[in-house]
Amino acid sequence: ITVRDNNSFKLLKKAGINKIELCPDPVFNIEIPKQNSRCSIGVQLREAPILTDNFINELAVNINKYYSDKQIFILSLQNKYDAEICGKFKAVLKKLNSEIEAEIILNTSNDEVIKTAAGLEALIAMRYHACLIGIKAGIKVLAVNYDIKVKTLAEEFNLININSADDIKKAFETFVNQEFRYDEDKINSKKFDFKKLENLLSI
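Residues numbered from 1 in each chain as written. Predicted model: local features only at pLDDT ≥ 70, side-chain atom pairs only at ≥ 80, totals over all residues. Heavy atoms only, no water.

**What to know about the environment of T116**
Of note, T116 is situated in helix α4 (residues 110-118). The sequence separation of T116 and F73 amounts to 43 residues, and the corresponding C-alpha distance is 8.6 Å. Beyond its immediate stretch of four places on either side in the chain, T116 contacts F73 and L75. (Helix = DSSP H or I, 4+ residues; strand = E, 2+ residues; numbered from the N terminus. Contact = heavy atoms within 4.5 Å.)

See the structure below:
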């Protein structure tokens, strides 16, 4: 069994499972180009209980307040689960400000999603891998903690994060003025060792 965080590792150990490997997520191995020109904002959403009408409204209000002069890309990573809520968010955003430039980007290929994400100025994201790609691309990431795995990643890389609709206003106030720098050595050290996994499977 491979796990990507210490809490899961400790939980399995406590349950008496000893054949466990603590490994980085394989997405850390993906080479992501660093972009020089960034003038768009990404919003990546997925269906989850945290996305109440109040949450969506608050998110739209703050996106409009701070980024109405930017192009907004609303990213659907898994269209089956993301596309509908992305459409709902776009409708709320456009109702709030009909002039704002907002476009839904459906996932037609992982390469295209990564290319779009790498060119962003900032990313507000729910999915673990969206946050991870943002970190790898060296862009500001505001994490929405719909699941403990996202919170764990946010804490590891010192991301500002949102736990509920009540957090959104304060999180944005901090985020837009945030000076950030990721620990490049930490990022580069997180390589998934496929050869090691092959050796373990052959035992």
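**Concerning α4**
Of all the positions in α4, only V113, I114, T116, A117 and A118 are classed as buried. Looking at the buried side of α4, the elements it contacts are β4 (71-76) and α5 (128-137). (Buried < 20%, exposed > 50% of the residue type's maximum accessible area, 1.4 Å probe, protein only.)

**Some points on the pattern of salt bridges**
Enumeration according to the criterion identifies seven salt bridges in this entry. Between E155 and K151 there is a salt bridge, with the nearest N and O atoms lying 3.7 Å from each other. With E155 and K151 both in helix α6 (residues 148-156) and four residues apart, the pair spans about one turn of that helix. On the basis of relative accessible area, K151 is assigned to the partly exposed category, the value being 27%. In this structure, the salt-bridge partner of K190 is E156, at a minimum N-O distance of 2.8 Å. (Salt bridge = Lys/Arg side-chain N within 4 Å of Asp/Glu carboxyl O.)

**Quick look at the environment of A60**
With respect to the helices and strands, the residue A60 is situated in helix α2 (residues 53-67). Separated by 33 residues in the primary sequence, A60 and L93 have C-alpha atoms spaced 5.2 Å apart.

**Let's talk about the packing of aromatic side chains**
Evaluated as defined, the whole model comprises three aromatic pairs. Taken together, a centroid distance of 6.2 Å and an interplanar angle of 10° make the contact between Y66 and F172 stacked. Taken together, the residues span a long stretch of sequence, with Y66 in helix α2 and F172 in helix α7 (residues 168-175) at a distance of 106 residues. Above the plane of the ring of F175 lies K140, whose end atom (NZ or CZ) is 4.7 Å from the centre. Note that K190 overlies the ring of F28, its terminal NZ or CZ placed 5.9 Å from the centroid. (Phe/Tyr/Trp six-rings, centres within 6.5 Å; stacked < 30°, edge-to-face > 60°. Lys NZ or Arg CZ within 6 Å of the ring centre and 35° of its normal.)

**Regarding α6**
The complete set of buried residues in α6 reads V150, L153 and A154. One side of α6 carries all its buried residues, which in axial view fall inside an arc of 100°. The elements touched by buried residues of α6 are α5, β7 (140-144) and β8 (160-162). N-cap assignment for α6: the residue whose side-chain oxygen lies 3.0 Å from the backbone N of K149 is D147. (Arc of directions from axis to C-beta. Polar contact = N/O pair within 3.5 Å; in protein donor to acceptor, adjacent residues only side chain to side chain.)

**Looking at the pairing of β7**
Of all the five residues making up β7, five are buried; the element is thus mostly covered by neighbouring parts of the structure. Side chains K140, L142 and V144 of β7 all project onto a buried face; the interleaved residues V141 and A143 project onto the opposite face, where all are buried too. This β-α-β element, strand β6 (residues 122-125) to α5 to β7, shows right-handed connectivity. Taken together, the three bridges between β7 and β8 define a ladder with parallel strand orientation. For A143, the partnering residue across the bridge sits in β8 and is N161. As for the winding sense of the linkage, the β-α-β connection from β7 through α6 to β8 is right-handed. (Right-handed = clockwise from strand over helix to strand, strands pointing away. Pairing = 2+ DSSP bridges.)

**So, the sheet that holds β8**
In spatial order, the strands read β5-β4-β3-β6-β7-β8; together these six strands make up an open sheet with parallel pairing. Two strands in the sheet have a free side with no partner beyond their single neighbour: β5 (101-106) and β8. Strand after strand, the sheet turns through a mean of 20° between neighbouring axes, direction not considered. By the bridge criterion, six bridges tie β4 to β5 in an arrangement that is parallel. Following the sheet pairing, I72 is matched in β5 by A102. (Axes fitted to C-alpha atoms, helices over the stretch in contact; angles between N-to-C directions.)

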